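Observations on the three-dimensional arrangement
The lines below spell out each chain.
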Protein chains: 2
Amino acid sequence: MKVTLSALDTCESSFTPLVVLELAQDVKEETKEWLKNRIISKKEDGDDNDDFLTMAECQFIIKHELENLRARNEKMIPGYPQAKLYPGKSLLRRLLTSGIVIQVFPLHDNEALKKLEDSWYTRFTLKYQPLDRIRGYFGETIALYFGFLEYFTVALIPMAVIGLPYYLFVWEDYDKYVIFASFNLIWSTVILEVWKRGCANMTYRWGTLVMKRQFEEPRPGFHGVLGINPVTGREEPLYPSYKRQLRIYLVSLPFVCLCLYFCLYVMMIYFDMEAWALSLHESSGSEWTSVLLYVPSIIYAIVIEIMNRLYRYAAEFLTSWENHRLESAYQNHLILKVLVFNFLNCFASLFYIAFVLRDMKLLRQSLATLLITSQILNQIMESLLPYWLQKKHHVQVKRKVQALKADIDATVYEQVVLEKEMGTYLGTFDDYLELFLQFGYVSLFSCVYPLAAAFAVLNNFTEVNSDALKMCRVLKRPFSEPSANIGVWQLAFETMSVISVVTNCALIGMSPQVNALFPESKLDLILIVVAVEHALLALKFILAFAIPDKPQHIQMKLARLEFESLEALKRQVHMRPARPGCGRLEKLPEVRLPRRVFKAQWACTGLANEAHGPEPEGGIEGRQ
Amino acid sequence: MKVTLSALDTCESSFTPLVVLELAQDVKEETKEWLKNRIISKKEDGDDNDDFLTMAECQFIIKHELENLRARNEKMIPGYPQAKLYPGKSLLRRLLTSGIVIQVFPLHDNEALKKLEDSWYTRFTLKYQPLDRIRGYFGETIALYFGFLEYFTVALIPMAVIGLPYYLFVWEDYDKYVIFASFNLIWSTVILEVWKRGCANMTYRWGTLVMKRQFEEPRPGFHGVLGINPVTGREEPLYPSYKRQLRIYLVSLPFVCLCLYFCLYVMMIYFDMEAWALSLHESSGSEWTSVLLYVPSIIYAIVIEIMNRLYRYAAEFLTSWENHRLESAYQNHLILKVLVFNFLNCFASLFYIAFVLRDMKLLRQSLATLLITSQILNQIMESLLPYWLQKKHHVQVKRKVQALKADIDATVYEQVVLEKEMGTYLGTFDDYLELFLQFGYVSLFSCVYPLAAAFAVLNNFTEVNSDALKMCRVLKRPFSEPSANIGVWQLAFETMSVISVVTNCALIGMSPQVNALFPESKLDLILIVVAVEHALLALKFILAFAIPDKPQHIQMKLARLEFESLEALKRQVHMRPARPGCGRLEKLPEVRLPRRVFKAQWACTGLANEAHGPEPEGGIEGRQ
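Residues numbered from 1 in each chain as written. Chains lettered and ligands numbered in written order. Predicted model: local features only at pLDDT ≥ 70, side-chain atom pairs only at ≥ 80, totals over all residues. Heavy atoms only, no water.

Summed over all chains, the structure comprises 59 aromatic pairs over all chains. With a centroid separation of 5.4 Å and an interplanar angle of 40 degrees, the aromatic rings of tyrosine 151 of chain B and tryptophan 195 of chain B are classed as tilted. Separated by 44 residues along the polypeptide, tyrosine 151 of chain B in helix H6 (residues 140–169) and tryptophan 195 of chain B in helix H7 (residues 178–206) bring together distant segments of the chain. For the cation-ring pair, lysine 28 of chain A lies above tyrosine 80 of chain A, with the distance from its terminal atom to the ring centre recorded as 4.8 Å. (Phe/Tyr/Trp six-rings, centres within 6.5 Å; stacked < 30°, edge-to-face > 60°. Helix = DSSP H or I, 4+ residues; strand = E, 2+ residues; numbered from the N terminus. Lys NZ or Arg CZ within 6 Å of the ring centre and 35° of its normal.)

Attention now moves to a nonpolar patch on the surface. Together, Ile376, Ile380, Met381, Leu384, Leu385, Trp388 and Leu389 of chain A make up an exposed nonpolar region whose accessible area comes to about 690 Å². Mapped onto the elements, isoleucine 376 of chain A comes out in helix H12 (residues 360–404). (Patch = residues over 30% accessible without salt bridge, like charges linked within 9 Å, V, L, I, M, F, W, Y side chains within 5 Å. Areas by Shrake-Rupley, 256 points an atom, 1.4 Å probe, with all protein chains shown as cover. Salt bridge = Lys/Arg side-chain N within 4 Å of Asp/Glu carboxyl O.)

This part covers unusual backbone geometry. Positive phi outside glycine occurs at asparagine 323 of chain A, with the angle close to 60 degrees. For asparagine 323 of chain A, the location among the structural elements is in the loop between helix H10 (295–321) and helix H11 (327–357). Of note in this structure, arginine 358 of chain B is not a glycine but carries a positive phi near 55 degrees. Of note, arginine 358 of chain B is situated in the loop between helix H11 (327–357) and helix H12 (360–404).

Moving on to the pattern of salt bridges. All names here are of chain A. In this structure the tally under the stated criterion is 36 salt bridges over all chains. Salt-bridge contacts for lysine 114 lead to aspartate 118; the nearest nitrogen and oxygen are separated by 3.8 Å. Of this pair, lysine 114 and aspartate 118 are both found in helix H4 (residues 110–122), four residues apart, which corresponds to roughly one turn of the helix. Between glutamate 117 and arginine 473 there is a salt bridge, with its nearest N and O atoms 2.7 Å apart. With a gap of 356 residues between them, glutamate 117 in helix H4 and arginine 473 in helix H15 (residues 451–474) connect regions that are remote in the sequence. We classify glutamate 117 as buried; its relative accessible area is 3%. (Buried < 20%, exposed > 50% of the residue type's maximum accessible area, 1.4 Å probe, protein only.)

Attention now goes to the packing of helix H5 (residues 131–138) of chain B against H7 of chain B. Residues and elements named next belong to chain B. Packing of H5 against H7 leaves a shortest axis separation of 12 Å and a crossing angle of 55 degrees. One element, H5, and the other, H7, form an angle in the oblique class. Between H5 and H7 lies a crossing whose hand is right-handed. Of H7, the residues touching H5 (which contributes Leu131, Asp132 and Arg135) are Met202, Arg205 and Trp206. Classifying every residue of the contact of H5 with H7 by side-chain character gives three nonpolar, no polar and three charged. (Axes fitted to C-alpha atoms, helices over the stretch in contact; angles between N-to-C directions. Parallel < 35°, antiparallel > 145°, perpendicular 65-115°, else oblique. Left-handed = near helix turned anticlockwise from the far one by under 90°. Contact = heavy atoms within 4.5 Å. Nonpolar A, V, L, I, M, F, W, Y, C, P; charged D, E, K, R; others polar.)

Tracing the backbone through its elements, the reader meets serine 349 of chain A in helix H11. Those residues in contact with serine 349 of chain A that lie beyond four places of it in its chain are Met267, Tyr270, Phe271, Tyr300 and Leu370 of chain A.

On to the confidence of the model for chain A. All names here are of chain A. Averaged over every residue, the pLDDT of chain A is 78; residues scoring 70 or more account for 82%. Mean pLDDT values over the elements of chain A span from 34, in helix H20 (residues 595–604), up to 91, in helix H8 (residues 241–284). Predicted confidence is poor over residues 1–13, with pLDDT under 50, and the contacts of this stretch with residues over four places away or in other chains come to eleven contacts. Confidence metrics for the complex model read pTM 0.80 and ipTM 0.76. (pLDDT = per-residue confidence, 0-100.)

Laid out in C-alpha cells, this is it:
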C-alpha cells in the first residue's frame, strides 16, 4: 500500500491540515492534475480564514466549496470517459459515484482535541460540558445533541430523586402511583418547553438561530432522466413525483405495516414464553426456575434490538429506493419509518401488559428488563466495542508506519492513515433515537417502576462520556453542520409527551386507589378520568402555545437587529437616488451588525449562491 | 355649519379625491398652514401613482405616509402650545388625540363603487363574488373576509343537502345521527385545510402571501413615561411590562372569570324558566301554552346577544386599560377575551342540555331557537337598521346642500359631508365572530338538528348581500390593509373543529343506536368511544400536518422566486469587488422579479422604513 500526500498542502507556510480527500489508488495523473487545478482556481478568490471562523466552520466551508465545484464545459471526467458530466453537475459527487474519490473527511486537530477532551470527559467530575468548545470543534448540530443529552439528564434528576425513596420505602405498594403519574404529566410538558427556550439562547449565542434554510440540491443517490428543473431552469435529473408516490404507498407502506404486524407477532410469542416460564416455575418452584422468569424478557429485549437494527437497514434501502430528490425529504421519510417501528417494537408489549393484561407487577418487571438490557447493549455496541477494535488497529498502523521510515512528515501521514480507517459518524439520528426511546420508558410507564428515571440518569452520565469518546477517538471527525434547533426531534419528543399524558391518565384511572374512591360506579370513574385527560391535553396545548419559544431578551435582540438592518436599508435607499455620483458606493453608511449575525448570514445565505433546488415538498419538516 | 374644502385638492389637473382629513371647526390658520406644508413636503419625493397600484393600495400608502409624518424640531403643534411634541412622535396621532384632526378617512369612488356593486350584490344571481374587484376597492383583509364567507357557505352546502332529506323523512328518529356526526367530523377537518390552500392561492395572486410583518409602532392609546426604547434607541413612552401583567392577572382575569360565572348563572335561570314553562304547559295543556314553550329560549337568545354586546364594551375597556404597546398585542388580548366569553355564553346551555340533561329533544329545540334568533337579530342590527337610518340622513343632507347653493364643486362637497357622518367600519372582527359562532352551531351539535346547516347557508346568502351593502352604502370606506391570511381566526376555527370532534364522539356514544350494540357493558362502549375519539384526534393532527399549507404550484413559484433573488444577489456580489470602478452600480444585472412580488415587498418592507417597535410579545399570533 503506497500512499502519497498531495502537493496541495506544502505550498503554504503555516499549514493546518483540515480536510482529507482520499483518491482511489489507480487514479490517472491527468485527472489528479485537473482536479487540483479546479480546486485551486476556486480557492483563489476565497476568504482569509483567521480565527474569525471556528475550525468547524472552516471545514464546513471547504466541504461546501468542494461540493459546489461544478462542471462547466467538461463532458466527462478527464481520464475517465465513462464518467459523464453535464453543465452544473457537482464534480465531487460524480467523482464519488465513479469511485475515483473514495471519501472526503476533515482531519482531527490533535492539539485542539486534547484540550477539548480534557475539559470534556477525561477527568471525571460533575460539571457541565464545554458546549461552546464542542461547537467550535464539531459544529452546532453535534453540540446541540450533547446539549440536549445534558439538559435531558439534568431534567431527569428530579424524577430520579422522587422515585428513589418511593422505590425504597413503598416497594410492594405499587398502586400508589397517582402522585408519581401526575408529576410525570407536568414534568414531560415543562421540560420540552424549557428546552426550546434554552436552545434558542444557545443558538443565538452561536449565531445560527435566525439561519435560513439554504436551497437544497438533489441528494447524491437521486437518479432520473435529464430534464429541465422548473425552479432553476437548469438541466438536471428529474423523477416524476407520482412514481415516487406509487413506490411509497404501494411498496413502502405495506412493507412497514407487515413489519409492524410481524413485531406484534413476535410480541405474542414472547407472552407465550412468559406464560410457559411462569407455569414451569409454579410447577417446580425451585430456585433456578425463578431466574428463568427473567429469561423471556431478556431474550425479547435482545430480539427487539436485533429487529430494530434489521429494520433500520430495510428502511434505509426502501427510502433510498423511493428516490427522493432532496436529502431533507429522504431524512424525513426515513425518520418516520424508523420512529413508528421502534416505538411499536419497544413499547407494544408494555401497552399490552398495562392495558390488556392489567398486570402491574409484570409491567414493572418487563419495563426494568427492557430498559436495562437495551441500555447495556447500546453502551457496548456503540462505543466500547468500536473503541477496543480501533485501539487494536491503532497499534498495527503505528507499527506499519514506523516500518515505512517515511520521507514525508510522519505525524500527518500517520494521522491520515489512521483516521481514514476509522468509522464514519452517520449523524445524530441514532443518538437521538436512543434518547427518544429512553424518554418513552421514563415518561410512559415509569410510575409503576420509579427506578426507571434513576437508571436513565445513570445511563446518561456514562452515555455522555462514551459518546464523547466515540466522537473524539473512535470515529472519523465529521463535517460540521450548522443548525438552529434539534429539528424534527422536538416534534417527536412532544408527540411522546402527549402519548404519555394519555397513558398516565389511564394508569391513574386503573389504580386500585382511585378505583376505591368510586366503589359503586365504574362508569363515573371512567368519565371523570376522560374529562381530566382532555383538560390536561388542552392545558398542555395552551401551555405550549402561551410560552414563547424564545426568551424575552432574545426576542428583543432579534427585533433590534431587524430594526437596524431596516434602518440601514432605508439610508441606503435614500442615499442612492439623491447623489448618484461616482464613488458614492464606498461612502454608504456603515451597517454595523453584530459579528455573529454577519457570520450566520454569510455562512448560510452567502454560501447558498450556487444552490439549485426548491423547498422540501411538504415532508415532515415542511410545516412549522 | 360652515365647511370649506382645502386648497390641497385644486392644484392638480386630474384630481381624484382619495382621503378626507377632517379638521375641527376652530383650528387656527397657522396650524393649517404648517400641516399643509408638512404634508406637501413629504409628498414631493413621492411616487407616481398610475394604475400600477390599485386604489385601495394608494389609500393605504397615503394613510401610512400621514401616520409617518413625524415631529422633527417642533416642541408643540403650532397654534396649540398645550399639544406637546417630541422628536419622532407621529404628528397625526398627536393631532387626533388633541382633537385638532377629527378623523381621516378615504372617500368612496362612486364610479368604481357602482361597477363593484353591479358585479357583486345588486343583481341577485347565484355566482361567485368578484373577489379581485373587492380586493382592488377595499383591500386584501376585507376581500379575504368575503372570500372566507363565500367559501364557508359553499362548504356548508353538502351538509345542508344531506341534512335536509334527513330532516324531512326521519323527523322523530333523531337518534339515527351517527352517520351525520361522522360526516361532521370529516367535514370540519377537511374544509379548514382546503381553505388554507385556497387562501394561499388567492393571496399569492394578490402579492401578499409572502408579505412580512412590518415593525409596529406603539398604538395610539398607549401611554407611559418617556424613555429610551431598547430596540430603536429612540425616545418614546415606555410602560413597564410587570405593571401590565399585574393588570392582566389581578384585574382582567378575575373579571373575565366573574363574567363567565355570571353567564353560567343566567343559564341556570333559563333552565328554571324552561322547567316552569313546561310544568305550566303540562298542567294546562292548552294551545297557547305550547307557544309558551319557545318563549324562554327566545328570551335567553336575546339575553345572550345583549350580554355579548355589553361584555364586548367591558372587554374593550379592560384591554385598552391594560395599556398594550402594540396594536397586535391589544387585538390578541381582546380577541381572546371576547372569544372565550362568546363561546361559553352561546354554547354552555347546549353542552348542559346535551351532556348533563341528555335531552336530545330539548337540545334540538334550543339549538334551533338560538341559531335562528341570533341570525335574525344580527341581520337587523348589523345592516338593515343602519341602512335605514342612513337613508333618512342622506335625504336631509341632500336638502341642506342644495339649500347652500355651494360655490364649490357640489358633488365632492356633498360626498364628503355625507360620508363623514357615516359609521366607521371597525374591522372584520365582528363579522368573523359571527361566522365562528355559526360554525360552532353547525359543527358541534348539528347532528341532532340537521336543518342547522341549511339555515346557515340561507343566512349566509343574505349575509353576503347585507355585508356588501354595509360596506358599500352604510359605512365610511375603510382604509385597506394588506394581509396574507385570516390570521388568528384560522386557529380559532381549528380549535372549534377539535372541540366538535369531541362533542360528536360523545353524542355518538350516547346515541340509543350505538348503545343497543352494547346491551350488557356500558363500560366497553365508553372505552371504545374514547379510543375512537383519540384515534380521530390523532388522525386530525396528522392530516393537518401532512396536507401542505400551500399548493404544490405555489410552493414551486415561491421557490423559483427565492432562487432567482439569490441568483441576482450572487451576480451583484460577484460584480462589485471585481470591478470597483465608477458608475458600475447602474450596470448591475437587472433583477426581474414578477410585478406582484415587487409590489408586495415595496408595500410591506419599503414602507416600514420609519417604523419603531419590536415583534409582538408572544401574544396570540406570536407563535407559528
